[in-house]
Amino acid sequence: MTMRLGVIGGGAWGTALAQTVAGEGEPVLLWAREPEVVEAINADRENRLYLAGIPLAPGIRATTAIEDLGQCDALLVVTPAQHMRTILHMLPAGDRPLVLCAKGIEAGSAMLMSEVALEVQPAAAIAVLSGPTFAHEVAQGLPTAITLACDDEALGAALAQRIASPGFRPYASRDVIGAEVGGAVKNVLAIACGVVEGAGLGQNARAALISRGFAEMTRFGLARGAKAETLAGLAGLGDLVLTCSSTSSRNFSLGRGLGEGRSATDLLADRRTVAEGAFTAPVLRDAARAADVDMPVVEAVCALLDGSASVDAIVEQLLARPLRPEGE
Ligand SMILES: NC(=O)c1ccc[n+]([C@@H]2O[C@H](COP(=O)([O-])OP(=O)(O)OC[C@H]3O[C@@H](n4cnc5c(N)ncnc54)[C@H](O)[C@@H]3O)[C@@H](O)[C@H]2O)c1
Ligand SMILES: O=P(O)(O)OC[C@H](O)CO
């Protein structure tokens, strides 16, 4: 029997994932917070609030009743990272596998999403889905590849089989931590690349930031127990390249605004969609400092977000750092 999937979170990514796993007619249950999202999906086959203009598959049914997810065999958890703990507390306890799809580190605890999930739902098997995936492209069936990390190889293979489709290709990994670190850190680096664009610093600077940012991601990931090959794969470098080069990225767009001289407070006010990097940046900086991991680009993003330094001062500081071998 086909694995029945539920999706928690009716934002752009939850809706796009529901669309891809619904395929040609599989039933998928999508839980959303907003009654207007649920109503629009069920009545008009469209999520006008978060994924407007994309007709949704008939197999998707939306609900505001989280207990309805009890009918599902596995759940894709797609709420923003800072709300993940609260939502997981709302789920009935059980051993249903949870596939974590948010990209971020929890403020306060500095926990990755798998660590939060294990604390709140200790009986559940955990997998992580992460990679270069703009929701609107996935929802339209455009070709996409992604990392699906799960420590339990058999479960990972079953999940990969269930979510794969001709346009959506999961690559199996057992490195849950690596997949999570890649997704969380790239959002902060995408803000930095947006700043480069907004301030007109040029394409050389952007390429340098991607490359040196990747070195930061790798140092931090290795310190947290990630594997280097995961960070060099879809969930790390792959997603870094996507998010650092397109205004379709909310994180890149936020950075572009900062680079144009606008304040983070203004840019984040009244924003309906989530730019995860803004919330992950300070907790990532603190975690890196505590682990004695050098992350100058992440430090710079934090200074721009909290308004403690100007773009000019940041650029000057980064370029004045002592010369060093590239591999360090
Ligand atoms: N959009 C993408 O292309 C994409 C792709 C891959 C991963 N992601 C990740 O997926 C996660 C969800 O992003 P998204 O793009 O679906 O979100 P979104 O920006 O489209 O929508 C915001 C979401 O946040 C939810 N939300 C707002 N306040 C909340 C609260 N107090 N409690 C619980 N939920 C609340 C909303 O209900 C909505 O589901 C993020 O971690 C993001 O990094 C997004
Ligand atoms: O729009 P962003 O910056 O949240 O990026 C979306 C996805 O994470 C890209 O893989």
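Residues numbered from 1 in each chain as written. Chains lettered and ligands numbered in written order. Predicted model: local features only at pLDDT ≥ 70, side-chain atom pairs only at ≥ 80, totals over all residues.

A. Just the UniProt feature "binding site: NAD(+)" (unreviewed entry) in the protein chain, in detail. The UniProt record annotates "binding site: NAD(+)" (unreviewed entry) at Gly-9, Gly-10, Gly-11, Ala-12, Trp-13, Gly-14, Ala-135 and Arg-250. The residue Ala-135 is located in helix 5 (residues 135–139) in this model. Its 22 C-beta neighbours within 10 Å are what place Ala-135 among the buried residues. Sequence-distant contacts of Ala-135, defined by excluding residues within four places in its chain, comprise Ala-12, Trp-13, Ala-16 and Leu-51. With respect to the helices and strands, Arg-250 occurs in helix 11 (residues 250–259). When the 21 C-beta atoms within 10 Å are taken as the criterion, Arg-250 is described as buried. Residues contacting Arg-250, with those up to four places away along its chain left out, are Thr-273, Val-274 and Ala-275. (UniProt positions renumbered as here; feature names shortened; annotations may be inferred. Helix = DSSP H or I, 4+ residues; strand = E, 2+ residues; numbered from the N terminus. Buried ≥ 20, exposed ≤ 12 C-beta atoms within 10 Å, placed from the backbone. Contact = placed C-beta atoms within 7 Å.)

B. Inspection of the sheet that holds strand 1 (residues 5–8) at higher detail. Pairing in this open sheet of eight strands is mixed, and the strands run 3-2-1-4-5-6-7-8 from one edge to the other. Single-partner strands in this sheet number two, and they are strand 3 (60–63) and strand 8 (168–173). Ignoring strand direction, the axes of neighbouring strands in this sheet form an average angle of 25°. When strand 7 (residues 144–150) meets strand 8, the two strands line up parallel, connected through six bridges. Its bridge partner being in strand 8, Ala-145 is matched across the sheet by Arg-169. Each of strand 6 (126–130), strand 7 and strand 8 touches helix 7 (residues 176–198); the most contacted strand, strand 6, lies at about 35° to it. (Pairing = 2+ DSSP bridges. Axes fitted to C-alpha atoms, helices over the stretch in contact; angles between N-to-C directions.)

C. Here's a closer look at the site of ligand 1. Close to ligand 1 lie 25 residues, the nearest being Gly-11, Ala-12, Trp-13, Ala-102 and Thr-273. A total of three residues in the shell around ligand 1 trace back to one element, the largest contributor, which is helix 1 (residues 12–22). Of the domains in this structure, domain 1 (5–174) and domain 2 (177–319) are the two that each give at least three residues to the shell around ligand 1. (Near = placed C-beta within 6 Å. Domains from an automatic or database assignment.)

D. View of the packing of helix 7 against helix 14 (residues 296–305). Interhelical geometry of helix 7 versus helix 14 gives an angle of 70° and a closest axis separation of 9 Å. Viewed along their axes, helix 7 and helix 14 adopt a mutual orientation that is roughly perpendicular. Handedness of the helix 7/helix 14 crossing: left-handed. On the side of helix 7, the interface is formed by Val-188, Leu-189, Ile-191, Ala-192 and Val-195, while helix 14 contributes Val-297, Val-298, Ala-300, Val-301 and Leu-304. Tallied by class, the residues present in the contact of helix 7 with helix 14 amount to 10 nonpolar, no polar and no charged. (Parallel < 35°, antiparallel > 145°, perpendicular 65-115°, else oblique. Left-handed = near helix turned anticlockwise from the far one by under 90°. Nonpolar A, V, L, I, M, F, W, Y, C, P; charged D, E, K, R; others polar.)

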